[in-house]
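Structural overview
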Amino acid sequence: MQTVDNQYFHQYLPGVEVRLDSASLETYGRDWTHLRAPAPSAVLFPRNTSQVQEIILRARQDGFALVPSGGRTGLSGGAVAADGEWVISLEKMRSLGTVNPTEACIQVEAGVITATLQQAASAAGLFYGVDFASAGSSQVGGNIATNAGGIRVLRYGLTREQVLGMTAVTGAGEVLELNHALIKNATGYDLRHLLIGSEGTLAIITAATLKLWPRPPLRDVMLLAVPDDQAIMALFASARQAMNLSAFEFFSQACVEHVCAHAGLPAPLESPTAFYALLEFDQLDETGLTEWFEQAMEAGWISDGLISQSDEQAKQMWAYRERISESIAARKPYKNDIAVRVSAVPALLAELDELVQQQYPDFEVLWYGHIGDGNLHLNVLKPDEMDLNAFKAQCEQVNELVFAVVQKHSGSISAEHGVGLLKQPWLAYSRSEAEIALMRALKQQFDPDGILNPGKLL
Ligand code: 2HG
Ligand code: ZN
């Protein structure tokens with residue numbers, strides 16, 4: 001392997017912007033996990049697919065590992081570069097095509113920020129279905145590479161459901177144009193879907209054509225007090241029948257307290273409650289809504305509630321859910337992003353509750369998630385006085401037990417945050433030996449020298 005300096009890049013990759021200064025290495029070598037100390041050897045900023053291809057071919061030839069990098073908002077360490085890799089930042093590839101109104105789609109380069117895409121769709125009278133708290137900095141390529149989910153999966157599906165076509169460069173340096181934005185295409189293996197969620201281990205995604213939806217009708221948001229977590233799925237089943245839901249979220253009182261302290265918000269309801277459900281739905285007539293609310297009260301599923309009277313109030317109500325993650329970030333929580341089938345959620349909650357009480361008697365545990373998708377984010381907070389490494393070691397032991405419960409329900413150990421470095425040791429709790437062997441074989445085909453995101457996922 002050669003040493004990398006400006007001279008090297010100038011000679012072999014002329015035209016590609018390169019940064020070698022320590023501030024850039026530090027910034028581009030980490031994501032939101034802060035899992036490992038960043039230590040890439042270079043950060044490269046290609047401007048088009050051909051430059052990505054040139055970089056891959058050069059890295060292959062000289063034996064350098066590559067870490068594809070988007071907005072670095074990931075929570076599993078998929079974009080961490082801590083071993084002398086070259087970070088390939090897609091942030092200079094930000095061209096945004098015009099919205100195609102006939103096909104309801106738009107072509108974007110991988111570095112386009114999610115919020116920019118949402119705005120472009122909205123300016124054309126359409127809607128991009130994927131949204132989450134990091135929309136202001138996450139990038140489309142990263143969203144596709146991790147199959148990002150978020151708050152409206154219930155209605156619009158994951159990022160996977162939005163991708164009509166894709167350009168990517170494999171670890172062997174081949175440029176692939178996948179599916180050409182066709183709606184119908186029954187010509188065998190759909191490699192587009194293989195690359196979605198592959199976390200930069202098979203290819204670097206450089207552009208995509210994304211599906212847009214009709215502009216949603218007027219929506220209301222409702223925040224409900226749920227005294228008992230076992231009522232949550234009965235409430236969901238009933239809400240799903242009574243209204244056209246676009247989100248059904250869940251969080252505990254402790255989450256609300258963190259958000260209020262962090263964001264300076266007032267308590268959302270008159271009195272605290274064990275849990276909250278946040279529902280977003282197409283506006284319903286008042287009689288229908290009142291009847292449903294009264295039924296839910298009578299059934300004992302809820303004890304209080306609030307319905308948005310304006311868009312502004314709806315946004316404020318969302319803040320209690322959307323700002324949980326940022327409100328606890330400084331505490332370096334131990335994160336879990338698990339999922340089971342929706343009908344298994346009550347059993348999962350009961351079993352995890354018992355486990356957490358036994359195993360974490362002294363830790364603060366926060367329950368929240370996209371419960372309408374069967375997805376729970378269990379976050380554990382370190383007591384102030386405890387050493388970080390001792391805390392992590394204890395959480396990892398408990399992880400085995402949490403994941404055994406997930407496995408028993410044939411669930412997922414990473415519902416929407418990806419595997420990256422963080423969940424890699426536990427992949428076998430969600431994927432069979434045969435599946436993992438096939439995944440390795442595919443990796444070998446796409447990336448014969450193992451230069452793409454080594455150590456991640458598999
Ligand atoms: C969310 O749903 C994000 O808020 C982050 O997926 C989850 O902080 C987490 O664990
Ligand atoms: Zn989430």
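So, here's what we can say about the structure. Computed from a predicted model, the values in this text were never measured in an experiment.

1. Looking at the pattern of salt bridges
Under the counting rule described, the total for this entry stands at 18 salt bridges. Among the salt bridges present, the one from Arg-36 reaches Asp-83, with a minimum N-O distance of 3.2 Å. Here the residue Arg-36 occupies a position in the loop between α2 (22–28) and β2 (42–45), and Asp-83 occupies one in the loop between β3 (66–69) and β4 (86–89), the gap between them amounting to 47 residues. Taking the relative accessible area as the measure of exposure, Arg-36 reaches 38% and is therefore partly exposed.

2. Some details on the packing of aromatic side chains
Applying the stated criterion to the full structure yields 16 aromatic pairs. Taken together, a centroid distance of 5.3 Å and an interplanar angle of 25° make the contact between Tyr-360 and Phe-363 stacked. Just as Tyr-360 is buried, Phe-363 falls in that class too. Each ring, one from Phe-363 and one from Phe-391, has its centre 5.3 Å from the other, and the planes form 55°; the classification is tilted. With Phe-363 in the loop between α13 (345–359) and β16 (364–370) and Phe-391 in helix α14 (residues 388–408), this pair connects stretches of sequence that are 28 residues apart.

3. Topic: the site of ligand 1
Around ligand 1 sit Leu-75, Arg-321, Ser-325, Lys-335, Tyr-368, His-370, His-377, Asn-379, Glu-416 and His-417, and those are all the residues in its vicinity. Tyr-368 places a polar side-chain atom, nitrogen or oxygen, 2.6 Å from an oxygen atom of ligand 1. Expressed as a share of its isolated accessible area of 300 Å², the protein-covered part of ligand 1 is 88%. Those elements giving two or more residues to the shell around ligand 1 turn out to be β16 and β17 (375–381). By residue class, the composition of the shell around ligand 1 is two nonpolar, five polar and three charged.

Cut-offs and rules
- Residues numbered from 1 in each chain as written.
- Chains lettered and ligands numbered in written order.
- Predicted model: local features only at pLDDT ≥ 70, side-chain atom pairs only at ≥ 80, totals over all residues.
- Heavy atoms only, no water.
- Salt bridge = Lys/Arg side-chain N within 4 Å of Asp/Glu carboxyl O.
- Helix = DSSP H or I, 4+ residues; strand = E, 2+ residues; numbered from the N terminus.
- Buried < 20%, exposed > 50% of the residue type's maximum accessible area, 1.4 Å probe, protein only.
- Phe/Tyr/Trp six-rings, centres within 6.5 Å; stacked < 30°, edge-to-face > 60°.
- Near = heavy atom within 4 Å.
- Polar contact = N/O pair within 3.5 Å; in protein donor to acceptor, adjacent residues only side chain to side chain.
- Areas by Shrake-Rupley, 256 points an atom, 1.4 Å probe, with all protein chains shown as cover.
- Nonpolar A, V, L, I, M, F, W, Y, C, P; charged D, E, K, R; others polar.

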